[in-house]
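# Working through the structure, step by step
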Amino acid sequence: MRLEAVELRVVELPLRFPFETSFGREEVKHAVLVCAYSGGLVGWGEAPVMAAPLYNEETVETAWHVLRDFLVPAVLAGPLEHPREVRARLRHVRRHHMAKAGLEAAVWDLFAQQQGRSLRELLGGVRDRVEVGVSLGIEPTVADLVRRVESFVAQGYRRVKVKIRPGWDVEVVRELRRHFPELPLQVDANSAYTLDQASVFEEMDDLGLLLVEQPLGEDDLVDHAKLQSRLRTPVCLDESIVHPHDARKALELGSCRVVNVKPARLGGLAAAVETHDVCAALGAPVWCGGMLETGIGRLANLALASLPNFRLPGDLSASDRYFEEDVVDPPVVLERDGMVQVPTEAGVAPRVRTDRVDRVTVRRERVPAR
Ligand code: OSB
Ligand code: MG
């Protein structure tokens, strides 16, 4: 396929309620959307960047700059046989994984439409429905969080993840356990602790958590290995795993026992599948993480989560957990038994409501092939 042009958009969708983590508070989901044009088709992809570089080093502005000035011209420079070639085409640009993931996703979507096949089929998925959970932020009081959890459990979510940070950790989780003794529960620290605070995790070790996500520094596999050796609860890494080989190293070192596979952080769906395969070969389960994506990013993540080694519920909640109105139709919905359907359409484009995307677009630019 030869791309004729790529259009970039910045979109802003208000969240239904603020999402507060150890690194900050978000009230609006920002993203850079990528539309790839070829032969009368439009492929959609999402770079689910944040406004500020608090989760990783990227922002809306860096993704825009790097896509417009480097990544898009590299992909427009010559034909592609398969979306898996995008990674090699972009390898000379260091990092900027979310920007790369957005562009690669647009090419996957074009390819799916051309082939008339679903992303699930193209990626090697084996399930029509996936188990999902919900990721909840820090609330003003524990009572507010308990109410939040109650409402999502009532909707049918199969597991709950709560954000923690120093001062909002053991006591909060203990209180949640008191209210929800059987609930599959996990915590995410987003790198807010150091090894000298390991006692926090040792105290949580008796609370029956599924896992603790990214307790320590994003660049610290060694201290994560020391922490994991002191815990029965599996450590799961998110920020630390930005390349499939990071997963191999972390598992070999014993830095974690579970890996969060998030295509945006890894630089795209191809790297995500490779990470899934590395973990499967080493016997470690994975689950699909999220970045509060719009429906465009989430439909692709749902396809990914249908691969066999996604053995824990993903951060792949229904559209109405995030937004009043998603940009895809039909929206992502939670079935009563806590499952979500894997999309069967040929790509995400058949479900994109361009009129709704237009309404949330705050910037737009077309980059033509030369
Ligand atoms: O650490 O998993 C994370 C959202 C933004 C940035 C980082 C993270 C998250 C989430 C949200 O936990 C997961 C979702 O998309 O529902
Ligand atoms: Mg995380």
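These remarks concern the structure in this document. These numbers come from a predicted model, not from an experiment. In this numbering scheme, every chain counts its residues from 1 along its sequence in written order. Going through the entries in the order they are written, you letter the chains from A and number the ligands from 1. A pLDDT threshold of at least 70 governs which residues receive local features in this predicted model, and a stricter bar of 80 or more applies before side-chain atom pairs are shown or counted, although totals over entire chains, interfaces and linings include all residues. Heavy atoms from the whole structure form the basis of all side-chain values; hydrogens and water molecules are not counted.

Check the secondary structure of the protein and you find 14 helices and 13 strands. For the protein, whose C-alpha radius of gyration is 20 Å, the value lies close to the compact-globule estimate of 21 Å for 370 residues. Counting only C-alpha atoms and orienting by the principal axes, one finds that the protein spans roughly 60 × 40 × 35 Å. Taking all 370 residues of the protein together, the buried fraction comes to 61%. Nonlocal contacts in the protein, meaning residues at least 24 apart in sequence, comprise 73% of its contacts between residues at least 6 apart. Carbon together with sulfur atoms contributes 49% to the accessible area of the protein, which is approximately 14200 Å² in total. When charges are counted, Lys and Arg contribute as positive and Asp and Glu as negative, whereas His and the chain ends are disregarded. Taken as the charge centre is NZ of Lys, CZ of Arg, CG of Asp or CD of Glu, depending on the residue. Computing the positive centroid from 47 side-chain charges and the negative centroid from 55, the protein places the two 3 Å apart. Counting from the N terminus, the helices are the DSSP runs of H or I reaching at least four residues and the strands are the DSSP runs of E reaching at least two. Here the radius of gyration uses the C-alpha set of atoms, whereas the globule reference equals 2.2 Å times the residue count to the power 0.38. Burial here depends on accessible area, computed with a 1.4 Å probe over protein chains only, as a share of the maximum for the residue type. Under 20% is buried, over 50% is exposed, and the range in between is partly exposed. Contact criterion: two residues are considered in contact whenever any of their non-hydrogen atoms come within 4.5 Å of each other. For the area figures, the Shrake-Rupley method with a 1.4 Å probe applies, and any residue is considered shielded solely by the protein chains shown.

A few words on the sheet that holds strand β13 (residues 361–368). Taken together, four strands build an open sheet; the order of strands is β3-β2-β1-β13 and the sheet is antiparallel. At either margin of the open sheet sits one strand with a lone partner, and together these are β3 (41–47) and β13. Here the strands of the sheet are splayed against their neighbours by 25 degrees on average, with no regard to which way each runs. In this sheet, strand β2 (residues 24–38) lies alongside strand β1 (residues 5–21) in antiparallel orientation, the contact comprising 13 bridges. Counterpart to E20 in the pairing with β2 is R25. Docked against the sheet, helix α1 (residues 60–76) engages β1, β2 and β13, running at close to 150 degrees with respect to β1. Helix α3 (residues 97–115) contacts β2 and β3 of the sheet and is inclined by roughly 150 degrees relative to β3. Note on pairing: two strands pair once DSSP finds at least 2 bridges between them. Here an axis means a line fitted to C-alpha atoms, over the contact stretch when the element is a helix, while the angle between two N-to-C directions is reported on a 0 to 180 degree scale.

Once that is clear, we can look at the coordination of the magnesium ion (ligand 2). Ideal geometry at a metal centre gives angles of 109.5 degrees when four donors are arranged tetrahedrally and 90 or 180 degrees when six donors are arranged octahedrally. In this structure, D188 (OD), E213 (OE) and D238 (OD) serve as the protein donors to the magnesium ion (ligand 2), at separations of 2.1 to 2.3 Å. Donors, by definition, are the N, O and S atoms found within 2.8 Å of a metal, the threshold being 3.2 Å for Na, K and Ca, and water is not counted, so a site can look incomplete. Mapped onto the sequence, the donors of the magnesium ion (ligand 2) take the spacing D-x24-E-x24-D. Within this pair, whereas D188 is found in strand β7 (residues 185–188), its partner E213 is found in strand β8 (residues 212–213), the two being separated by 25 residues in sequence. Among the residues examined, E213 registers a relative accessible area of 1% and is labelled buried.

Only one rule defines a salt bridge in this text: a Lys or Arg side-chain nitrogen within 4 Å of an Asp or Glu carboxyl oxygen. Taken as a whole, this structure holds 40 salt bridges when the rule is applied. Here R165 makes a salt bridge to E20, at a shortest N to O gap of 3.1 Å. Remark: E20 occurs in strand β1 and R165 occurs in the loop between β6 (160–163) and α6 (170–179); sequence separation between them is 145 residues. The residue D355 makes a salt bridge to R353 at a minimum N-O spacing of 2.9 Å. You can call R353 partly exposed: its relative accessible area is 27%. Taken together, the salt bridges that share partners define one network made up of R159, K161, K163, D188, E213 and D315.

Moving on, we come to the site of ligand 1. If a single non-hydrogen atom of a residue is within 4 Å of a molecule or strand, that residue counts as near it. Around ligand 1 sit 16 residues, and of these S135, D188, N190, L292 and Y322 come closest. Each polar contact in these results corresponds to two N or O atoms within 3.5 Å; when the atoms are within protein, one needs to be able to donate a hydrogen and the other to accept it, and residues that are neighboring in sequence are counted only if both atoms are side-chain atoms. L292 is positioned with one of its backbone polar atoms (N or O) 2.8 Å from an oxygen atom of ligand 1. At 2.6 Å from an oxygen atom of ligand 1 is found a side-chain nitrogen or oxygen belonging to Y322. Against a free-state accessible area of 390 Å², the protein chains account for coverage of 100% of ligand 1. Buried and open spaces are told apart on a 1 Å grid over the protein atoms alone, a cavity being a set of points where a 1.4 Å probe fits but cannot get out and a pocket being an open set with protein on both sides within 12 Å along at least five of seven lines. Residues with an atom within 4 Å of a point are the lining residues. Whether a molecule sits in a cavity or pocket is decided by its atoms, more than half of which must lie within 2 Å of the grid points. Most atoms of ligand 1, that is more than half of them, are within 2 Å of grid points of the largest cavity. All residues other than Ala, Val, Leu, Ile, Met, Phe, Trp, Tyr, Cys, Pro, Asp, Glu, Lys and Arg, Gly among them, are scored as polar; the first ten of these are nonpolar and the last four charged. When grouped by side-chain class, the residues that make up the shell around ligand 1 number six nonpolar, three polar and seven charged.

Here we take up the side chain of R265. Topologically, R265 is positioned in helix α10 (residues 263–266). Residue R265 is classed as buried on the basis of its relative accessible area of 3%. A distance of 2.6 Å separates the side chain of R265 from the side chain of D238, its partner in a polar contact. R265 has contacts with Y55, H97, D238, E239, I241, V242 and N260, leaving out every residue within four places of it along the chain.

Aromatic contacts are taken between Phe, Tyr and Trp rings whose centres are within 6.5 Å, Trp giving its six-membered ring; a plane angle under 30 degrees counts as stacked, one over 60 as edge-to-face, and the others as tilted. Applying the stated criterion across every chain yields a total of five aromatic pairs. Judged by centre distance (6.1 Å) and plane angle (55 degrees), the rings of F17 and F152 are tilted. Here F17 is found in strand β1, whereas its partner F152 is found in helix α5 (residues 142–155), with 135 residues between them in sequence. Accessibility classification places F17 together with F152 in one group, the buried group. In textbook terms, an aromatic cluster arises when at least three aromatic residues are bridged by ring pairs, as seen for F17, F152 and Y157. The criterion for a charge sitting over a ring is simple: Lys NZ or Arg CZ within 6 Å of the ring centre, and within 35 degrees of the ring normal. Between the NZ or CZ atom of R148 and the centre of the ring of F17, over which it lies, the distance is 3.7 Å. The ring of W64 carries the charged tip of R363 above its face, separated from the ring centre by 4.8 Å.

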